[in-house]
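# Examining the three-dimensional arrangement
Here is what each chain is made of, one letter per residue.
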Amino acid sequence: MASKKILLKNASVITETGEILKNRDIVIADGKIVSVGAPSPDTDPASGNFDRVVDCDSYYVTPGLTNLHCHCAMNIFKGIAEDVDADAWFNERIFPYESKLEAEDVYVGTKLGIAEMLNCGVTAFVDHYFEEKAVLQAVLDTGIRADLAPTVFGTAPNFEARLDEVSDFFEKNRNVSGRVSFRMGPHAPYTCPPPTLKRIVDRAKDLKLNLHLHVSETREQVEQSLAAYGKTPFVMLAESGAFDLNVVIAHGLWITEDDLPLLGPDTWFGLCPKTYEKLAMGTGLVFKKHEQLNFSFGTDGAASSNTLNTCEQARYFALLGKFTENDPCTYLTNDVWRALMHGHQAFSFHSGRIEPGYAADLVIWDLKKPNTWPVYDPVTSILYSSEPSNVLYTMVDGVFLKENGKLVMDEAALLDEGAAIQKKILARGQGQAKVFY
Ligand SMILES: [Zn+2]
């Protein structure tokens, strides 16, 4: 049987560098982009070559957005820890609730987060959480792409058993889907003392996996690390051998000048500026040095950033950068767009460009709406004016997961499931936090 072909007709393409290519016909089959070019007899909708044609005459098509740092399941806690500092956020609010979390809560929370991301045009995310089987199931059931890092705490009493448990999980699921990849997920250097961090990194190397962890998130974490070990968290990480691997660093906000040469060629930063503003974490050196780093944007969990929209995070990054530099001529629109698109390179999905052979992970934007119209420069409109309602279609692996402004999944049923879990969480209340720092 011939493969199912989709034609996106007469689209204005916005490339990963912000270039606008008008009047393009994009042909998609088997989850991949087959061709991109000017209309031709081959791309005539009347040719009978296509199972589906979407008229994109008044729309813009971009690569999907990526989310380089997320705790997707924490959507179930959205709004539960407000107006507190980072320490109280962890120890008084989040960890005590998390201690009573069950697999079903994680499954529903993850699906809620994925629904929000698809609604915003996010096609792939890097996740860091426990109850990894439930997270994986939610990814498989919804159609999004994900790079999953089950969380491991070096300070946990069952550390060795947990390391074996996640290793088994990787071995069992390594080839479960072309939409899923895996990383080792040590929580952070401050919750994984040196011998345990080294054990995790060595295990990642044995299993040929990459790494994803929090590093130098707050100024206090760097000060405490210096006091305890005489070394910054980045030095601790370097000594574990982590920079031989592809590493996604969540935040790295308080990286130091001396840390910079330690980074490897495949070190990625997932910056979440909305969280930094919300928890008043400061701007850190990462802002000053971002041009030297491989970076893109994450959202962290919705319990801290309240939304999982990486376009919004890119906007916060630009605004915060201009504001703190006291210079509106920095953090230029096209540079921020490039950084947003650069996130694809941290994954192994061969996505992020609208060119033949690339994964068909795309967003179709309708900018003819009051919040974005008129359009002088579509990149500016998306970065500074857009809302999720401007995302008309989200496609992952050649499949539409949002169509004509609506999620394909049963949104009403999912919201009901979310309400039921929220009720359970509140009835159970807070438990004893399992991790302290
Ligand atoms: Zn995080």
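Residues numbered from 1 in each chain as written. Predicted model: local features only at pLDDT ≥ 70, side-chain atom pairs only at ≥ 80, totals over all residues.

### Here's the deal with helix α6 (residues 219–229)
Of all the positions in α6, only Q221, V222 and S225 are classed as buried. The buried residues of α6 occupy an angular sector of 100° when the element is viewed end-on, so they sit on one face. The exposed set on the far side of α6, more than 90 degrees from its buried face, consists of E223 and A227. Looking at the buried positions of α6, the neighbouring elements they touch are α7 (233–239). Looking at the residues trailing α6, positive phi occurs at G230, about 70°. (Buried ≥ 20, exposed ≤ 12 C-beta atoms within 10 Å, placed from the backbone. Helix = DSSP H or I, 4+ residues; strand = E, 2+ residues; numbered from the N terminus. Arc of directions from axis to C-beta. Contact = placed C-beta atoms within 7 Å.)

### Here we look at helix α13 (residues 378–385)
The complete set of buried residues in α13 reads V379, S381, I382 and L383. Buried positions along α13 lie against β1 (5–14), α11 (310–325), α12 (333–342) and β14 (362–365).

### Things to note about the domain arrangement of the protein chain
The domain boundaries assigned to the protein chain delineate domain 1 (5–63 + 356–411) and domain 2 (65–346). The centre of domain 1, based on its C-alpha atoms, is set 29 Å off from the matching centre of domain 2. Counting residues at the interface gives 23 residues for domain 1 and 24 residues for domain 2. Elements that contribute at least two residues to the side of domain 1 that touches domain 2 include exactly α13, β15 (391–396) and β16 (399–403). (Domains from an automatic or database assignment.)

### Examining the pairing of strand β2 (residues 20–29)
One ladder, built from seven bridges, connects β1 with β2; its direction is antiparallel. Looking at the pairing, V13 lines up with L21 of β2. Between β1 and β2, which follow one another and run antiparallel, lie five residues, and G18 among them has a positive phi close to 95°. Note that β2 and strand β3 (residues 32–37) share five bridges and pair antiparallel. Across the sheet, the residue bridging to I26 is V36, located in β3. In sequence, β2 turns back onto β3 through a hairpin of two residues, with D30 there showing a positive phi of about 55°. (Pairing = 2+ DSSP bridges.)

### Points about the sheet that holds strand β9 (residues 180–186)
Strand order in the open sheet formed by eight strands is β6-β7-β8-β9-β10-β11-β12-β13, with parallel pairing between adjacent strands. Each having just a single partner strand, β6 (65–70) and β13 (294–297) make up the two edges of the open sheet. Taken pair by pair, the neighbouring strands of this sheet meet at an average axis angle of 25°, ignoring direction. Looking at chain direction, strand β12 (residues 267–271) and β13 are connected through four bridges and run parallel. Residue pairing in the sheet places F269 in a bridge with F295 of β13. Against the sheet, helix α4 (residues 159–173) touches β8 (145–152) and β9, its axis set at about 160° to β8. (Axes fitted to C-alpha atoms, helices over the stretch in contact; angles between N-to-C directions.)

### Some thoughts on the packing of α11 against α12
Between α11 and α12, whose axes approach to 10 Å, the crossing angle comes to 140°. Between α11 and α12, the angle falls in the class oblique. You can see that α11 and α12 cross each other, and the crossing is right-handed. Each of T310, C311, A314, F317 and A318 in α11 lies in contact with α12, whose residues at this interface are V336, A339 and L340. For the contact of α11 with α12, the residue count by class is seven nonpolar, one polar and no charged. (Parallel < 35°, antiparallel > 145°, perpendicular 65-115°, else oblique. Left-handed = near helix turned anticlockwise from the far one by under 90°. Nonpolar A, V, L, I, M, F, W, Y, C, P; charged D, E, K, R; others polar.)

### Considerations on unusual backbone geometry
For the bond running from W373 to P374, omega is 0°, close enough to zero to count as cis. Locating P374 in the fold gives a position in the loop between β14 and α13. For N326, which is not glycine, the phi dihedral falls at a positive 55°. With respect to the element layout, N326 can be found in the loop between α11 and α12.

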